[in-house]
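# Analysis of the macromolecular model
Here are the chains, one letter per residue:
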Amino acid sequence: MIRLLFTVVVGVLLGGVVHLVSVLALPRISTQDAYSRLTPMTKLNAVTPLPLADPGNSPMPFMDPAFAMAICRYDLSDGPLKLTVPVSQAYTSVSFYTRNEIAYYAINDRSAGKRVIELDLMTENQHEDLPEDEEITAADRLIIDSPSTTGLIVLKALAAEPGLMPQAQASLAAASCGVQGEAPAKAEKPRGKR
C-alpha cells in the first residue's frame, strides 16, 4: 500500500514539474508568437491598423470584434519613441509588451485624463541619459521604461455600436509612433575650481 501511494505521489509531482516547465518554456521556444506573426504585416516604429476581427482569418488570437486595433512594433536601439494616440468616443487603451509577450504597462483614456494619450517610451539607460530640466516635470511628461529594446504596443478603440467602428478606426489611424529626434546631450555639471 505504501509503495502504491509513493508511486502515485511521485507521479503527480513529476507530472506537475513537467507541466510547469513546458508552460514556462513555451513562449521562448515558440516560432509563431505574436511578434513573429505581426512582423510581416507591420512597419517598425510606426502605427499599423489591423483588419477587423474575423474568426477564420485573425492575425492575433482572441481579438474582440467590438474593438478597432492597431499595432506599433518598436525597436528602441535608434532612440526613444514618442507615442501619440487620440482618444476615441467610447474607450481607448494602450498596452505595452516585450518581444516575449510579457505585458509591462497599460494605460487607458480615463487614467490619462486627456483627449490625447501622449508618452515617451525608452529603455532605462536612455531614461538615465535624459537631461534634468527643471521646467519639465513628471506631470508634464509621461515616460515609460521598457524592459527590452524591442516589443509591441497594442492600441485599442471601442466601437460601442457596429456603426461606430469607422470612427474608432479613424481615431487609431490618427495615432503616431516614431523615434524622437536626437536626444539632447546630458548636461555636464559644473566643476569646482581647483
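Being a predicted model, the structure only gives us computed values, none of them experimental.

With that settled, the discussion passes to the packing of aromatic side chains. Two aromatic rings are characterised by how far apart their centres lie and by the angle between their planes. For the coordinates displayed, the defined rule picks out 3 aromatic pairs. Residues Phe-67 and Tyr-91 carry aromatic rings whose centres are separated by 6.4 Å and whose planes lie at 80 degrees to one another, so their mutual orientation is edge-to-face. Remark: Tyr-91 occurs in the loop between strand S3 (81–86) and strand S4 (92–98) and Phe-67 occurs in strand S2 (residues 67–75); sequence separation between them is 24 residues. Classification of Tyr-91 as partly exposed rests on a relative accessible area of 24%. An aromatic cluster is present here, built from Phe-96, Tyr-104 and Tyr-105 joined pairwise through their rings. Lying across the ring of Phe-67, Lys-156 places its NZ or CZ 5.8 Å from the centre.

Here the focus is the pattern of salt bridges. Considering all chains together, one arrives at 2 salt bridges under this definition. Measuring nitrogen to oxygen at the nearest pair gives 3.4 Å for the salt bridge that ties Asp-120 to Lys-82. In this pair, Asp-120 sits in strand S6 (residues 116–123) while Lys-82 sits in strand S3, placing the two residues 38 residues apart along the sequence. Classification of Asp-120 by relative accessible area gives buried; the value is 2%. A relative accessible area of 32% places Lys-82 in the partly exposed class. Taking the shortest distance from any N to any O, the salt bridge between Asp-109 and Arg-110 comes out at 2.9 Å. Residue class for Asp-109 comes out buried when judged on its relative accessible area of 10%. According to the relative accessible area criterion, Arg-110 is exposed, its value standing at 57%.

A word on the sheet that holds strand S7 (residues 143–146). Spatial ordering of the open sheet is given by S7-S6-S3-S9, a layout of 4 strands whose pairing is mixed. Among the strands making up the open sheet, the edge pair consists of S7 and strand S9 (176–179). Averaged over neighbouring strand pairs, the angle between their axes works out to 20 degrees when direction is ignored. Sheet analysis places S3 next to S9, joined by 4 bridges and oriented antiparallel.

Let us now look at the sheet that holds strand S1 (residues 47–49). Read from one edge of the open sheet, 5 strands run S1-S2-S8-S4-S5, paired in antiparallel fashion. Either end of the sheet is taken by a strand with one partner, and the two such strands are S1 and strand S5 (103–108). Mean inter-strand twist for the sheet, computed between neighbouring axes without regard to direction, equals 20 degrees. With 5 bridges joining them, S4 and S5 adopt antiparallel strand pairing. Pairing of Ser-95 across the sheet is with Ala-106, part of S5. Contacts from helix H5 (residues 165–173) reach S1, S2 and strand S8 (150–158) within the one sheet, and its direction differs from that of S2 by about 15 degrees.

This part is about the side chain of Asn-45. Structurally, Asn-45 is set in the loop between helix H2 (34–38) and S1. When its relative accessible area of 14% is taken as the criterion, Asn-45 is described as buried. A polar contact of 2.9 Å, which involves the side chain of Asn-45, links it to the backbone nitrogen of Asp-75. When near neighbours in sequence (up to four residues on either side) are disregarded, Asn-45 contacts Cys-72, Arg-73, Tyr-74, Asp-75, Leu-81, Cys-177, Gly-178 and Val-179.

Calculation criteria
- Within every chain, residues take consecutive numbers counted from 1 along the sequence as written.
- Two thresholds apply to this predicted model, a pLDDT of at least 70 for residue-level local features and 80 or more for giving and counting side-chain atom pairs, whereas whole-chain, interface and lining totals are computed over all residues.
- For the side-chain quantities, the full set of heavy atoms in the structure was used; hydrogens and water were omitted.
- When two rings of Phe, Tyr or Trp (its six-membered ring) have centres within 6.5 Å they constitute a pair, described as stacked for plane angles under 30 degrees, edge-to-face for angles over 60, and tilted for the intermediate range.
- Labels follow the DSSP assignment, with helices taken as runs of H or I lasting at least four residues and strands as runs of E lasting at least two, numbered in each case from the N terminus.
- When a residue's accessible area, from a 1.4 Å probe over protein chains only, is under 20% of the maximum for its type it is buried; when over 50% it is exposed; and in between it is partly exposed.
- We call a charge positioned over a ring when the NZ of a Lys or the CZ of an Arg lies within 6 Å of the ring centre and within 35 degrees of the ring normal.
- One speaks of a salt bridge when a side-chain nitrogen belonging to Lys or Arg is within 4 Å of a carboxyl oxygen belonging to Asp or Glu.
- A pair of strands is labelled paired if DSSP reports no fewer than 2 bridges between them.
- For helices, the axis comes from a line fit to the C-alpha atoms of the stretch in contact; other axes are also lines fit to C-alpha atoms, and the angle between any two N-to-C directions lies between 0 and 180 degrees.
- Should any heavy atoms of two residues lie within 4.5 Å, those residues are counted as being in contact.
- Polar contacts here mean pairs of N or O atoms no more than 3.5 Å apart (in protein, one a potential hydrogen donor and the other a potential acceptor; neighbouring residues in sequence count only if both atoms are side-chain atoms).

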